[in-house]
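Reading the structure
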Amino acid sequence: MRTKPYQTAIAVFDEVELLDVTGPVSVLSAAGRQWNFQPFKIDLVANGVGPVTTRSALALHATHDFARHTGAECLIVPGGYGARLATEDEALLAWLRRSAAEAVLVAAIGNGALLLAKAGLLDQVQVAASVELALELGALCPSAQPNSRDPVCSSGKILTARASALGLDLSCEMVARCFGNKLASSLSAALGIDWAGELGSLDIVAGPLLVPPGNKAV
């Protein structure tokens, strides 16, 4: 039974979509709150430690850099306009390859899929994508399988969301994969997220959330 947080890394880069970062952070940080336990320890990782400008002109603060960060169990790749530019960032791409190999879950939101494609991580992977994004993915990774019908797709350990707001559903799915549907369902209800559909109904069997000694429900 798991008693320690999943080490979770979110890639950040200039012009990243703010909602693609703050949405998952809000959901994952709320999981387990009633037990005074945080199931996910979240780090923002960039080319360098310090401020990163988002598409919304607000700055995020990266706590780790691509060159030295290791150990991610859950990896989240946001999108936004900046994701297209970041496909030319070799340090980011190298970190994605290393981190994805170690991770138990890899999640991408919107244009974040372009980064996974450029890193060579979407071979034969079904990807939730808008029609426009599907064309771009085809150019970067012809063997990827874009899906413009479903809002969220699952392909092995890779989860993808078609648009920014769907990052909330994607995050609930991550909670379900790591700690089971019961926690994900109660979390989504508490946050007002309509987590349902094909992925929401999967029969996922996960280890129960065991509250560490000294922690109690609040």
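Before reading further, recall that the structure is shown in the block above.
Quick look at the structure, then. (Residues numbered from 1 in each chain as written. Predicted model: local features only at pLDDT ≥ 70, side-chain atom pairs only at ≥ 80, totals over all residues. Heavy atoms only, no water.)

**Brief notes about the sheet that holds strand S6 (residues 74–77)**
- The 7 strands lie next to each other as S5-S2-S1-S6-S7-S11-S10, forming an open sheet whose pairing is mixed. Every other strand in the sheet has two partners, leaving strand S5 (64–65) and strand S10 (152–155) as the edge strands with one partner each.
- Bridge count for S10 against strand S11 (residues 158–161) is 4 bridges, and the pairing is antiparallel. Bridge pairing in S11 places Cys153 opposite Thr160.
- Its contacts with the sheet put helix H1 (residues 18–30) on strand S1 (6–11), strand S2 (40–46), S6 and strand S7 (105–109), and the angle it makes with S2 is roughly 160 degrees.
- Packing against the sheet, helix H3 (residues 90–102) makes contact with S1, S2, S6 and S7, and its axis sits at approximately 145 degrees to S6. (Pairing = 2+ DSSP bridges. Helix = DSSP H or I, 4+ residues; strand = E, 2+ residues; numbered from the N terminus. Contact = heavy atoms within 4.5 Å. Axes fitted to C-alpha atoms, helices over the stretch in contact; angles between N-to-C directions.)

**Description of unusual backbone geometry**
- Phi at Glu15 is positive, roughly 70 degrees, even though this residue is not glycine.
- Take Glu15: its relative accessible area is 24%, and that puts it in the partly exposed class.
- Positioned with a positive phi, Gln124 is a non-glycine residue whose angle comes to about 60 degrees.
- Within the element layout of this structure, Gln124 appears in the loop between helix H4 (112–118) and strand S8 (126–128). (Buried < 20%, exposed > 50% of the residue type's maximum accessible area, 1.4 Å probe, protein only.)

**Digging into the packing of aromatic side chains**
- Under the defined criterion, the tally for this structure stands at 4 aromatic pairs.
- On the numbers, 5.8 Å between centres and 85 degrees between planes, the contact of Phe40 with Phe179 is edge-to-face. With Phe40 in strand S2 and Phe179 in helix H6 (residues 167–179), this pair connects stretches of sequence that are 139 residues apart.
- Look at Phe40 and you get buried, because its relative accessible area is 2%.
- Joined through ring pairs, the aromatic side chains of Tyr6, Phe40 and Phe179 make up one cluster. (Phe/Tyr/Trp six-rings, centres within 6.5 Å; stacked < 30°, edge-to-face > 60°.)

**Looking at the side chain of Asp89**
- With respect to the helices and strands, Asp89 occurs in the loop between helix H2 (81–86) and H3.
- Of the side chains with opposite charge, Arg97 lies nearest to the buried Asp89, which makes no salt bridge, at 9.6 Å.
- Beyond its immediate stretch of four places on either side in the chain, Asp89 contacts Asn47 and Phe66. (Lys, Arg positive; Asp, Glu negative; His and termini not counted. Salt bridge = Lys/Arg side-chain N within 4 Å of Asp/Glu carboxyl O.)

**Focus on the packing of H1 against H6**
- Running from amino to carboxyl end, H1 crosses H6 at an angle of 35 degrees, the nearest separation of the two axes being 8 Å. For the pair H1 and H6, the crossing hand works out as right-handed. Across from Gly23, Pro24, Val27 and Leu28 in H1, the residues of H6 making contact are Gly167, Leu168, Ser171, Cys172, Met174 and Val175.
- Class assignment of the residues belonging to the contact of H1 with H6 gives a composition of 7 nonpolar, 3 polar and no charged. (Left-handed = near helix turned anticlockwise from the far one by under 90°. Nonpolar A, V, L, I, M, F, W, Y, C, P; charged D, E, K, R; others polar.)

**Regarding the pairing of S1**
- Within S1, 5 of the 6 residues are buried, leaving the element largely enclosed by the surrounding structure.
- When S1 meets S2, the two strands line up parallel, connected through 6 bridges. Across the sheet, Ile10 pairs through a bridge with Leu44, a residue of S2.
- Traced from S1 through H1 to S2, the parallel crossover comes out right-handed.
- Summarising the sheet, S1 and S6 pair through 3 bridges and their orientation is parallel. Opposite Ala9, over in S6, you have Leu75 as the bridge partner. (Right-handed = clockwise from strand over helix to strand, strands pointing away.)

All we've got here are geometric facts, nothing functional implied.
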